[in-house]
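Spelled out, the chains give:
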2 protein chains.
Amino acid sequence: MGGMSCQIRVVERAMADNEQWFTEKCEEGGNAFGLRIKGKLHEEQSRYQKIEVYETTDWGNLMVLDGYTMVSSLDNFLYHEMMVHPALFIHPAPQRVAIIGGGDCGTLREVLKHPEVEQVTQIDIDERVTRVSEQFFPELCESNQDPRAELLFIDGIEWMQQAKAGSLDIIIVDSTDPIGPGEVLFSADFYRACQRALADGGLMIQQSESPLIHQLIIQRMYRNLHDSGFSDVKSLFFPQPIYPSGWWSATLGRKGAAIEGFREQDVAQRSFETRYYNSDIHRAAFAVPEFFRKILEPQS
Amino acid sequence: MGGMSCQIRVVERAMADNEQWFTEKCEEGGNAFGLRIKGKLHEEQSRYQKIEVYETTDWGNLMVLDGYTMVSSLDNFLYHEMMVHPALFIHPAPQRVAIIGGGDCGTLREVLKHPEVEQVTQIDIDERVTRVSEQFFPELCESNQDPRAELLFIDGIEWMQQAKAGSLDIIIVDSTDPIGPGEVLFSADFYRACQRALADGGLMIQQSESPLIHQLIIQRMYRNLHDSGFSDVKSLFFPQPIYPSGWWSATLGRKGAAIEGFREQDVAQRSFETRYYNSDIHRAAFAVPEFFRKILEPQS
């Protein structure tokens, strides 16, 4: 999930060679990303959105929700690893985890790689996304039967408002854009509910769009997270080719503690494989580009 | 310059809304990147290549060579800063610099920001690229009259073969792809000429394509750089939205010394502004993703 800031979708048939491409045009950025496809594997209108799956020539399968690219087989490891491992290795003992959104189950799989995790609840309103992912991205769903995992298909905001105070160590908001239905997930109201549900030292992480294109969204997130009582807010940066500009960010808020340090020994001795993440990448992801530092300076 | 691994260019007129887009399709990757355009500002066939300039709606001007996106006003700072500042701040006293390619002059401008630099020679075979850049990217050419700068429009490989041994501190290869005319710039022969021209401790840096798509090219570069006598070879990674996958790399070779450490004090006290680069970004750029580590392991 994640990365939906764009508005026009075109499946275009190149006349010269009969190639077919899926292209997502990012209206607010004036940029587009496309993948060459062999054909469409699936299309349905769920209660909440149009779900499509394409078979690409070089990027494996591609899931598209309401015209926005969500997940490709080739590059989703970048996004899923960075939505999970930095936060879980910053926390000293991440036992109780909630995922809001994340219906493709790639984030859930990464969370369940951590032996410290005792319980993960994934709350995505659209069960059909998970069922389609089970069919076309089985590798992302390989841990869905883990006894520590609970999959709920209900409203994530209500769930969070009703969560017991201090009952979570990690909240991962693996949602669509702050445009349309995902907007409320970027509101101070929702952040307050998350802050309440977290135990002291707990961390929230949310995908936060392109550092190059969506600076206003990121500035608003920082304001709302601070206003909601989070003690520290920081962003991390990573490549994600299928999302607009190919450069993406996630933003963390922590309750009652600074976002610093991580269990580096545990990263080195981890029992699972990663494809992008390691200790060097952890540190690197938090490096703040010079221009980004400036957009976060308080407006005078 | 840089980033030319793709082969089909399409200016497409979206039927729905009469929008015009410039799209570069990366054949070997099966992916495409597009920018919405207002129109074409310039087109000419130079002795060496077709040069086009488009006015985009959101990314400023866009220069295209033989159908490959080269430079946009919006995002070129990422590439130009990373092709220059890490290498020049690793070197203890970068006085003599050569740029092979780099006709848009953005790399030259960044080099000339360093007060230690006494002489920069830019060798690009196609003078027309520089003249077009002066017209449509004047900000990149603002240092072309600096008395320390020499612009030559001749063959860069011959120039390097004839350079005095040990006469350079830094070589920046800001070239097109290792497909077609740029191929020889990725050969062991050329690297040997560079290694010879460098003084001890000198550094060469060359754009090295997408870590996600062009792994074979990068593996070959490492082999050729080691075979040419460079003591250490390392890559750095950075976002570059207009190049295929939006994630790019540059690879450094150093003569007679390891690629490690940098003049961090001088970065902190630098007399010039940067938009991406700073000390944290310097360290972060050298972080090696887990999968990349594996592709560089010696084949057994």
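Residues numbered from 1 in each chain as written. Chains lettered and ligands numbered in written order. Predicted model: local features only at pLDDT ≥ 70, side-chain atom pairs only at ≥ 80, totals over all residues. Heavy atoms only, no water.

1. Re the state of the cysteines
- One pass over the full model with this rule turns up zero disulfides over all chains.
- Counting only cysteine sulfurs, C141 of chain B is the nearest neighbor of C105 of chain B, a cysteine outside any disulfide, at a range of 4.2 Å. (Disulfide = S-S within 2.5 Å.)

2. Some points on the packing of aromatic side chains
- This model, assessed by the stated rule, comprises 28 aromatic pairs over all chains.
- Both rings, one in F33 of chain B and one in W59 of chain B, keep their centres 5.9 Å apart while their planes meet at 70 degrees; by these two values the pair is edge-to-face. Here F33 of chain B is found in strand 3 (residues 31–45), whereas its partner W59 of chain B is found in the loop between strand 4 (50–56) and strand 5 (61–65), with 26 residues between them in sequence.
- Relative accessible area serves as the criterion here: at 10%, F33 of chain B is assigned to the buried category.
- Seen from their ring centres, F89 of chain B and F272 of chain B are 6.4 Å apart, and the 20 degrees between their planes marks the pair as stacked. Of this pair, F89 of chain B sits in helix 1 (residues 76–90) while F272 of chain B sits in the loop between helix 7 (264–268) and helix 8 (279–285), placing them 183 residues apart in sequence. Assigned by exposure class, F89 of chain B and F272 of chain B land together as buried.
- Taken together, the ring pairs in this structure connect F77 and Y276 of chain A together with F237, W247, F291 and F292 of chain B into an aromatic cluster.
- R275 of chain A extends its terminal NZ or CZ atom over the ring of F77 of chain A, reaching a point 4.0 Å from the ring centre. (Phe/Tyr/Trp six-rings, centres within 6.5 Å; stacked < 30°, edge-to-face > 60°. Helix = DSSP H or I, 4+ residues; strand = E, 2+ residues; numbered from the N terminus. Buried < 20%, exposed > 50% of the residue type's maximum accessible area, 1.4 Å probe, protein only. Lys NZ or Arg CZ within 6 Å of the ring centre and 35° of its normal.)

3. With respect to the UniProt feature "binding site: spermidine" (unreviewed entry) in chain A
Residue and element names in this part refer to chain A.
- The feature "binding site: spermidine" (unreviewed entry), as annotated in UniProt, sits at H80, D104, D174, S175, T176 and D177 in this numbering.
- Checked against the element boundaries, D104 lands in the loop between strand 7 (96–101) and helix 2 (106–112).
- Within the fold, S175 resides in the loop between strand 10 (168–174) and helix 5 (188–197).
- Exposure remark for S175: the relative accessible area of 3% places this residue in the buried category. (UniProt positions renumbered as here; feature names shortened; annotations may be inferred.)

4. Some points on the pairing of strand 7 (residues 96–101) of chain B
Residues and elements named next belong to chain B.
- Among the six residues that make up strand 7, five are buried, leaving the element largely enclosed by the rest of the structure.
- As defined by bridge partners, strand 7 adjoins strand 8 (residues 119–123) across five bridges and the pair is classed as parallel. Directly across from V97, in strand 8, lies its bridge partner V120.
- Direction of pairing for strand 7 relative to strand 10 (residues 168–174): parallel, over a ladder of five bridges. Among the inter-strand pairings, V97 is bridged to a residue of strand 10, identified as I170. (Pairing = 2+ DSSP bridges.)

5. Concerning the side chain of R109 of chain A
All names here are of chain A.
- In this structure, R109 sits in helix 2.
- Look at R109 and you get buried, because its relative accessible area is 15%.
- Among the polar contacts listed, one links the side chain of R109 to the side chain of E110, at a separation of 3.5 Å.
- For R109, the residues in contact, after removing those within four places along its chain, are E139, L140, E142 and S143. (Polar contact = N/O pair within 3.5 Å; in protein donor to acceptor, adjacent residues only side chain to side chain. Contact = heavy atoms within 4.5 Å.)

6. Looking at the pattern of salt bridges
- Enumeration over the complete set of coordinates arrives at 48 salt bridges over all chains.
- With a shortest N-O distance of 2.8 Å, E52 of chain A and K40 of chain A are connected by a salt bridge. With a gap of twelve residues between them, E52 of chain A in strand 4 (residues 50–56) and K40 of chain A in strand 3 (residues 31–45) connect regions that are remote in the sequence.
- Looking at E52 of chain A, the relative accessible area reads 0%, which means it is buried.
- Taking the shortest distance from any N to any O, the salt bridge between K234 of chain A and D232 of chain A comes out at 3.4 Å.
- Assessed through its relative accessible area of 16%, D232 of chain A is described here as buried.
- Bridged by salt links that share partners, the residues E264, R270, D280 and R283 of chain A together with E290 and R293 of chain B form one connected network. (Salt bridge = Lys/Arg side-chain N within 4 Å of Asp/Glu carboxyl O.)

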